[in-house]
Each structure stands twice: as C-alpha cells, then as structure tokens.
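If you want the building blocks of each chain, they are given just below.
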Amino acid sequence: MLHRLSALTMILTSPRQWVHVLKFHWLRTLSYRGLRMVMLLALLSVISPIVMAQTLSFDDMYAGASAEGLILSDTLKNANGTTVTMQGYMAPPLKPSINFFVLTQEPMAVCPFCSTDADWPSNIVVVYLENPVTALPYDQTITVTGTLSVGSHVDSETGFVSLVRINNAQVQ
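Cut-off values and rules
- Residues numbered from 1 in each chain as written.
- Predicted model: local features only at pLDDT ≥ 70, side-chain atom pairs only at ≥ 80, totals over all residues.
- Heavy atoms only, no water.
- Helix = DSSP H or I, 4+ residues; strand = E, 2+ residues; numbered from the N terminus.
- Areas by Shrake-Rupley, 256 points an atom, 1.4 Å probe, with all protein chains shown as cover.
- Pairing = 2+ DSSP bridges.
- Polar contact = N/O pair within 3.5 Å; in protein donor to acceptor, adjacent residues only side chain to side chain.
- Buried < 20%, exposed > 50% of the residue type's maximum accessible area, 1.4 Å probe, protein only.
- Contact = heavy atoms within 4.5 Å.
- Core = buried A, V, L, I, M, F, W, Y, C linked by side-chain atoms within 4.5 Å.

(A) Main features of the overall build of the chain. Each helix and strand in the chain was counted, giving 3 helices and 8 strands. Each helix (α) and strand (β) of the chain, taken in turn from the N terminus, gives the series α-α-β-β-β-α-β-β-β-β-β. For the chain, the accessible surface area stands at approximately 11300 Å², while carbon and sulfur atoms represent 60% of it.

(B) Focus on the pairing of strand E3 (residues 69-72). Sheet topology places strand E2 (residues 62-66) next to E3; 4 bridges connect them, and they run antiparallel. The partner of Gly64 across the bridge, within E3, is Ile71. Between the end of E2 and the start of E3, which pair antiparallel, lie 2 residues.

(C) Highlighting the side chain of Thr145. Relative to the elements of secondary structure, Thr145 occurs in strand E7 (residues 141-154). A polar atom in the side chain of Thr145 sits 3.0 Å from the side chain of Thr85.

(D) How the structure looks around the side chain of Ser162. Secondary-structure assignment places Ser162 in strand E8 (residues 161-171). When its relative accessible area of 6% is taken as the criterion, Ser162 is described as buried. Within the local environment of Ser162, its side chain forms a polar contact with the side chain of Arg165, the two groups lying 3.0 Å apart. When sequence neighbours within four positions are dropped, the list of residues in contact with Ser162 reads Val126, Gly151, Ser152 and His153.

(E) Spatial organisation of the nonpolar core. Counting 23 residues, the largest nonpolar core has Met86, Phe101, Leu103, Val125 and Leu148 as the members making the most contacts within it. Considering each element in turn, this core owes the most residues, 4 residues, to E7. Residues contacting Leu148, with those up to four places away along its chain left out, are Leu56, Leu76, Ala79, Asn80, Gly81, Thr82, Val84, Val164, Arg165 and Ile166. Grouped together as the second largest cluster of nonpolar side chains are 7 residues, Ala91, Val102, Ile124 and Tyr128 included.

Here is the structure:
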C-alpha cells in the first residue's frame, strides 16, 4: 500500500521520478518472476520424466501373432525411443542387488533362469535400471519409468535376448 501511495505522489510531483519508479517496479517484478521460473524449471527437470511419460500396458504391446512370431502393435512401435511408464511384477532375479530385471504381467514365484520347465510369458519387458536396486518381492506390483527400446537385442554382458526393453529406468 505504501508503494502505491508513493507512486501516486510521484505522478503528482515529477514525471521523471515516475519513470524511475516504473523501471524499478518492472525490474523487481521481473526478478521475482525470473526466480520463480528458475525454480519451476529445476523442479520440472526432476519430475518431468515421470510426469511426461506415456503409460504403456502389456495389452498395448502386441497386435497378435503369426508364424514368424509376435506382431508388435502400432502403439508399441510409436512409443519406441520415448519415456514410458509400465506396471507389472519383478521376476525373481539371479542375485539380490541388480542392475536389470524382467518385468512381467503376472507374478512369477520361480526364477525363470533357474528352472528349465518354467513357463516364460511372451509379454515380458527387460528393464535396465539407471541405478542398481535390491530385488523386490515377486508378488509386489511395481511401476517403472524409462526409455522404451523396441527390436531384437542381445545383451553383451549376459547373452540375454530381448524384444522390448525399458532403459535408464527408475522403479517406484
């Protein structure tokens, strides 16, 4: 209120002083807005991968099957290279601390690598983590967010072959 009164007084006294007040007010407003903008951009850089991610479900992955194998859906192909979020279950890994795991639509109590007769689902996604995590219970639903990669790929370290992957993933 005091600022408004002094500005009104300057209108009545000197146009030069009024121009000075307008410049100062604009600069002060700009600096507050600028600070708020910097804070907003910093916040968005942290949460944007999660907020801006496209939700992808296991039902969205395939359009069917043929004699040559599974047919990738247009939704899956179009999401290739983008940030996606998927929900599922962590298949039991080989060791407690992991940098990748297999995300499945249904919980699996048996490690798929440890049993030759385990039913390995066709709708799986290999998840390569941004940071290693400790294995989670096989029956706990998890959400992963990362960059979708579609196409046949052989992991050079493990020899594991995958068709769909989520890279640089975060687990929530």
